[in-house]
Amino acid sequence: MIKRTLCFTNPAYLSLKDRQMVIRLPEVEKGDVPDVVKKEAVRTVPVEDIGVVVLDNRQITVTHGLLEALLENNCAVVTCDSRGLPVGLMLPLCGNTVQSERFRDQIGASLPLKKQLWQQTVKTKIDNQAALLSTLPGVETGCMERWAADVRSGDPDNLEGRAAVYYWRNLFAGVAELGGFTRDRNGMPPNNLLNYGYAILRAVIARSLVSSGMLPTLGIHHHNRYNAYCLADDIMEPYRPYVDELVLGMVREYGGELPGDLTKEMKMRLLGIPVIDVRVGGKRSPLMVAATQTTASLYKCFTGEARRIAYPDLRP
């Protein structure tokens with residue numbers, strides 16, 4: 001079952017009652033409105049139906065009981081800063097009944113195996129980037145296809161980086177206002193849209209890794225000592241073009257005239273990332289479901305039951 005993504009951008013009081021998230025809005029309860037309106041303003045959502053919660057207001061109160069219930073149900077809780085950009089991610093410590101065994105399998109993975117898995121990851125990422133570029137008029141993708149085919153174990157030639165330069169140079173080239181776009185986390189829009197979308201994607205992938213009994217911290221390639229989600233950053237790479245495709249569509253709608261701060265409408269569009277339709281192994285499913293298939297296959301690679309990660313394919 002696809003889990004729900006909830007985003008709170010207004011002041012709210014979130015609590016737990018009978019395994020339900022209870023949502024109360026202080027602005028309504030304290031306002032000069034009839035009691036019947038105040039009563040109807042209280043909403044409940046079954047905790048078991050929630051996959052991701054985004055807290056995007058400094059005046060949100062969450063009870064410890066609710067946090068406990070969310071984490072017990074493998075929900076990812078994302079917190080945002082004063083600009084509305086995700087800055088924190090909370091996940092359960094235990095998401096699988098045989099977690100210690102799976103930790104050992106993950107930790108015991110050999111370096112050659114991790115290099116082979118990274119090779120698959122980079123190849124699929126470049127293939128998906130090329131597939132997205134191929135939908136744009138006048139963009140040549142032959143070089144991207146060659147780079148994808150030439151990726152070696154561990155990507156020692158850094159073809160991922162070479163492809164990224166070409167990809168970002170051409171992705172928004174058709175939007176006159178974005179001529180010369182540079183992908184930079186702190187750069188001009190639509191970098192802010194990409195940052196928000198990737199944060200939601202990261203939360204979905206990290207949640208799936210925990211549910212598959214793995215540590216999101218121990219990556220197959222990323223190994224920054226200050227990064228608690230190295231494996232999530234590895235596994236999300238082939239999924240990034242799906243976020244890019246969504247952002248590209250939004251950029252076209254706005255004609256390249258994007259605000260520095262994300263609007264509520266923009267955030268709601270990006271919060272739909274978990275339900276984007278993707279194809280894995282020839283079968284279509286929501287991205288959140290596909291992410292679980294991907295992480296389950298990754299664990300099988302660690303145990304030797306499988307040799308390939310089940311990544312999504314954006315190619316027609």
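Position numbers for residues start from 1 in each chain and track the written sequence from start to end. Totals for whole chains, interfaces and linings use all residues, but because this is a predicted model, local features are given only for residues with pLDDT of at least 70 and pairs of side-chain atoms are given and counted only at 80 or more. Where side-chain values are given, they derive from all heavy atoms of the structure, hydrogens and water being excluded.

Chemist: An account of the overall build of the protein is requested, with residue identities and associated values reported.
Modeler: Each helix and strand counted, the protein has 12 helices and 10 strands in total. We compute the radius of gyration from the C-alpha atoms alone; for a globule the expected value is 2.2 Å times N to the 0.38, where N is the number of residues. Compactness check: the protein gives a C-alpha radius of gyration of 21 Å against a globular reference of 20 Å for 316 residues, within 12% of the reference. Over its C-alpha atoms, taken along the principal directions, the protein stretches across nearly 65 × 55 × 35 Å. Note on classification: 1.4 Å probe, protein chains only; a residue is buried when its accessible area is under 20% of the maximum for its type, exposed when over 50%, partly exposed between these limits. Across the 316 residues in the protein, those meeting the buried criterion constitute 51%. Counting from the N terminus, the helices are the DSSP runs of H or I reaching at least four residues and the strands are the DSSP runs of E reaching at least two.

Chemist: I'd like to hear about the packing of helix 4 (residues 99-107) against helix 12 (residues 287-303), residue by residue, with values.
Modeler: Geometry of a packed helix pair, given as the angle between the helix axes and the separation of the axes. Axis lines are fitted to C-alpha atoms, over the contacting stretch for helices. Their N-to-C directions set the angle, which ranges from 0 to 180 degrees. Packing of helix 4 against helix 12 brings their axes to within 8 Å, and their N-to-C directions diverge by 65 degrees. As judged from the angle between their axes, helix 4 and helix 12 are roughly perpendicular. Where helix 4 crosses over helix 12, the handedness of that crossing is left-handed. Across from Glu101, Arg102, Asp105 and Gln106 in helix 4, the residues of helix 12 making contact are Tyr299, Phe302 and Thr303. Its residues placed into classes, the contact of helix 4 with helix 12 shows 2 nonpolar, 2 polar and 3 charged. In this scheme, roughly parallel covers angles under 35 degrees and roughly antiparallel covers those over 145, while 65 to 115 is roughly perpendicular and the rest are oblique. Rotating anticlockwise by less than a right angle from the far helix to the near helix defines a left-handed crossing, while the corresponding clockwise rotation defines a right-handed one. Throughout, a contact is declared for two residues whenever any of their heavy atoms are within 4.5 Å. Residue type decides the class: Asp, Glu, Lys and Arg count as charged, Ala, Val, Leu, Ile, Met, Phe, Trp, Tyr, Cys and Pro as nonpolar, and the leftover types, Gly among them, as polar.

Chemist: Mind laying out the packing of helix 6 (residues 142-150) against helix 7 (residues 159-171), listing which residues take part and the relevant values?
Modeler: Taken N-terminus to C-terminus, the directions of helix 6 and helix 7 make an angle of 165 degrees; their axes are 10 Å apart at the nearest point. In terms of axis orientation, helix 6 runs roughly antiparallel to helix 7. Taken as a pair, helix 6 and helix 7 cross one another with a handedness that is left-handed. Between helix 6 and helix 7, the contacting residues are Cys143, Met144, Trp147 and Asp150 on the first element and Leu159, Arg162, Ala163, Tyr166 and Tyr167 on the second. In terms of residue class, the contact of helix 6 with helix 7 is built from 7 nonpolar, no polar and 2 charged.

Chemist: Now, about the side chain of Ser285: what can you tell me, with residues and values included?
Modeler: By secondary structure assignment, the location of Ser285 is in strand 10 (residues 283-286). Non-local contacts of Ser285, meaning those with residues more than four positions away in its chain, are made with Ile276, Asp277, Val278, Ala290 and Gln293.

Chemist: Just give me the short version of the sheet that holds strand 2 (residues 12-17), but keep the residues and values in it.
Modeler: To summarise the sheet geometry, strands pair through backbone hydrogen bonds and adopt either a parallel or an antiparallel arrangement. Spatial ordering of the open sheet is given by 4-3-2-6, a layout of 4 strands whose pairing is mixed. For this open sheet the edge positions go to strand 4 (43-46) and strand 6 (60-62), each flanked by a neighbour on one side alone. The mean angle between the axes of side-by-side strands here comes to 25 degrees, regardless of whether they run parallel or antiparallel. Two strands are counted as paired when DSSP detects at least two bridges linking them. Pairing between strand 3 (residues 20-24) and strand 4: 4 bridges, direction antiparallel. Across the sheet, residue Met21 finds its bridge partner in strand 4, namely Val45. Sitting on the sheet, helix 3 (residues 64-72) touches strand 2, strand 3 and strand 6, and the angle it makes with strand 2 is about 65 degrees.

Chemist: Tell me about the sheet that holds strand 5 (residues 50-55), residues and numbers included.
Modeler: Here we have 4 strands laid out as an open sheet, ordered 1-5-7-8, and mixed in their pairing. The sheet is open, and its two edges are formed by strand 1 (4-8) and strand 8 (86-90), each paired on a single side. Recorded for the sheet is a direction-independent mean angle of 20 degrees between the axes of neighbouring strands. Relative to strand 5, strand 1 is paired through 5 bridges, and the arrangement is parallel. For Phe8, the partnering residue across the bridge sits in strand 5 and is Leu55.

Chemist: Give me the lowdown on the packing of aromatic side chains, citing residues and values where you can.
Modeler: Only rings of Phe, Tyr and Trp enter the pairing, Trp through its six-membered ring, and a pair is recorded when the two centres are within 6.5 Å. The plane angle decides the type: under 30 degrees is stacked, over 60 is edge-to-face, the rest tilted. The final tally for this structure, using the stated rule, is 6 aromatic pairs. Taking 6.5 Å as the distance between ring centres and 20 degrees as the angle between the ring planes, the aromatic pair formed by Trp168 and Phe172 counts as stacked. Each member of the pair, Trp168 as well as Phe172, is classed as buried. Between Tyr239 and Tyr242, the ring centres sit 6.5 Å apart and the planes meet at 45 degrees, which makes this aromatic pair tilted.

Chemist: Please provide a residue-by-residue account of the pairing of strand 7 (residues 76-80), values included.
Modeler: The element strand 7 is largely enclosed, with a buried count of 4 among its 5 residues. Two elements, strand 7 and strand 8, share 4 bridges in a ladder whose sense is antiparallel. Among the inter-strand pairings, Thr79 is bridged to a residue of strand 8, identified as Gly88. Between strand 7 and strand 8, which pair antiparallel one after the other, the connecting turn spans 5 residues, and Gly84 there sits at a positive phi close to 85 degrees.

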